[in-house]
Amino acid sequence: MGASRAGRGREWGSVPEELSARVPAEQRGPGRDRDSVRLLVSRGTEVSHHAFAELPGRLKAGDLLIVNTSATLAAAVDGRIGHARVVVHFSTRGDDGRWAVELRDPDSRGTTRARAGGPAGTVVCLPGDARLVLEEPLTARGQRLWWARVPDADVLGLLRRYGRPIRYSYTDRDQPLSVYQTVFALPSDDGTGSAEMPSAARPFTSRLVAELVSRGVQFAPVTLHTGVASAESHEPPYPERYEVPEVSARLINAARAGGGRIIAVGTTAVRAVESATGEDGLVRAAKGWTGLVVTPERGVRAVDGLLTGLHEPEASHLLMLEAIAGGAAIERAYDEALRGRYLWHEFGDVHLILPEGPHAERYSRNSTSE
């Protein structure tokens, strides 16, 4: 029952509405900071409960955290199709200058709801006299995301001037862009970034990072620019742009050789580093587009553990969690998260998945399947 329940069948049910984190941790009361969230730790089916500030005590010298440095864009922009109001979510910039976008209808709460995509040729009027033209669906899988052009306009400049962070209906109010930036976020050379925050890293503070470094925990930066993830459809991830620098590849390989555990901070970090890992388990510098979907059948080659948020039962990310920990472990952890009233979504609590045994045993168990 384990694997099918946690990842494929998702029989553990929907998340109660009251467990949605509606505001950031630092806004829930005086004296709070980003790290004022809870930390669920699982090692196999053994589960324990902690504060996130206790993370340094859960790790050890020689462990390495892979962190995503992608900065979050103000990716939501108001527009009009004729007289109808719409909201454009800018997802990913393609190599040809087009953008993958999602059109959504505004609702009465200041958020948005899903709308049918297309058709081709639809023109959306944007602020600053800019025009967006839908050209074709992003993939044959569905009509939600479309490739579009914004002729004679600098989209990144448009986002900086008129955009705001993408917000979903479970949150209480709009937040400034700074709320959606992690402590690891760095500006990219071309100005691009993520449509949605790599949220597993949000609870980290500079103080906590300094404590981890002082205890001998290493950090390896990677970049994966995330596209929009629909709160309604839970599709597998689309191709996304990533980079694993040479220095990070060397750090990861050296940490593994030295007996350290390789722990990804977020599913985006897993996707990036696994895209750069060969069948021999060695990570090599790489960049470009990745369409990798990590499943239990594929397994993981570089990653021993994962720090991640809590995912809804329909989310495809649960398959990645199963690939790392196994279905029984994820089932047990999510039962505990529901029983313990943990908070979900990007402002919520986090889950640290640690390996049961040495990483070499995990690699030999997971690296045999494609």
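Before reading further, recall that the structure is shown in the block above.
Residues numbered from 1 in each chain as written. Predicted model: local features only at pLDDT ≥ 70, side-chain atom pairs only at ≥ 80, totals over all residues. Heavy atoms only, no water.

Moving on: the overall build of the protein chain. Helix and strand counts for the protein chain stand at 9 helices and 16 strands. For the protein chain, whose C-alpha radius of gyration is 20 Å, the value lies close to the compact-globule estimate of 21 Å for 370 residues. Each principal axis of the C-alpha atoms in the protein chain carries an extent, and together these give about 60 × 40 × 40 Å. Across the 370 residues that make up the protein chain, the buried fraction comes to 55%. In the protein chain, the share of contacts with a sequence separation of at least 24, taken over all contacts with a separation of at least 6, comes to 72%. For the protein chain, the exposed surface amounts to about 15,300 Å²; the carbon and sulfur share of it is 50%. Across the protein chain, the 45 positively charged side chains and the 47 negatively charged ones have centroids separated by 2 Å. (Helix = DSSP H or I, 4+ residues; strand = E, 2+ residues; numbered from the N terminus. Rg over C-alpha atoms; globule rule 2.2 N^0.38 Å. Buried < 20%, exposed > 50% of the residue type's maximum accessible area, 1.4 Å probe, protein only. Contact = heavy atoms within 4.5 Å. Areas by Shrake-Rupley, 256 points an atom, 1.4 Å probe, with all protein chains shown as cover. Lys, Arg positive; Asp, Glu negative; His and termini not counted. Charge placed at Lys NZ, Arg CZ, Asp CG, Glu CD.)

Time to look at the side chain of Thr268. Structurally, Thr268 is set in helix H6 (residues 267–275). Looking at Thr268, the relative accessible area reads 14%, which means it is buried. Side chain to side chain, Thr268 and Asn68 meet in a polar contact 3.0 Å long. For Thr268, the contacting residues outside a window of four places in its chain are Asn68, Pro198, Leu224 and Thr226. (Polar contact = N/O pair within 3.5 Å; in protein donor to acceptor, adjacent residues only side chain to side chain.)

Glancing now at the packing of aromatic side chains. Counted according to the given criterion, the structure contains 7 aromatic pairs. Ring geometry for Tyr180 against Phe347: centres 5.5 Å apart, planes inclined by 50 degrees, an arrangement best described as tilted. Here Tyr180 is found in the loop between helix H3 (155–162) and helix H4 (206–214), whereas its partner Phe347 is found in the loop between helix H8 (327–339) and strand S16 (350–354), with 167 residues between them in sequence. Following the ring pairs from residue to residue traces out a cluster consisting of Phe52, Phe184, Phe204 and Phe219. Here the basic side chain of Arg38 rests over the ring of Tyr342, its NZ or CZ set 3.9 Å away from the ring centre. (Phe/Tyr/Trp six-rings, centres within 6.5 Å; stacked < 30°, edge-to-face > 60°. Lys NZ or Arg CZ within 6 Å of the ring centre and 35° of its normal.)

With mixed pairing, 9 strands are arranged side by side in an open sheet as S2-S1-S16-S15-S13-S3-S11-S12-S14. Only two strands of the sheet have a single neighbouring strand rather than two, namely strand S2 (46–51) and strand S14 (286–290). Each neighbouring strand pair of the sheet contributes to a mean axis angle of 20 degrees, computed without reference to strand direction. By the bridge criterion, 3 bridges tie strand S3 (residues 64–68) to strand S13 (residues 262–265) in an arrangement that is parallel. In the sheet register, Leu65 faces S13, and the bridge partner there is Ile263. Along the sheet face, H6 touches S3, strand S11 (218–224), strand S12 (240–244), S13, S14 and strand S15 (305–309) and points at about 85 degrees away from the line of S11. The sheet contacts of helix H7 (residues 317–325) involve S15 and S16, and relative to S15 the element is tilted by about 155 degrees. (Pairing = 2+ DSSP bridges. Axes fitted to C-alpha atoms, helices over the stretch in contact; angles between N-to-C directions.)

Just distances and angles here, no functional claims.
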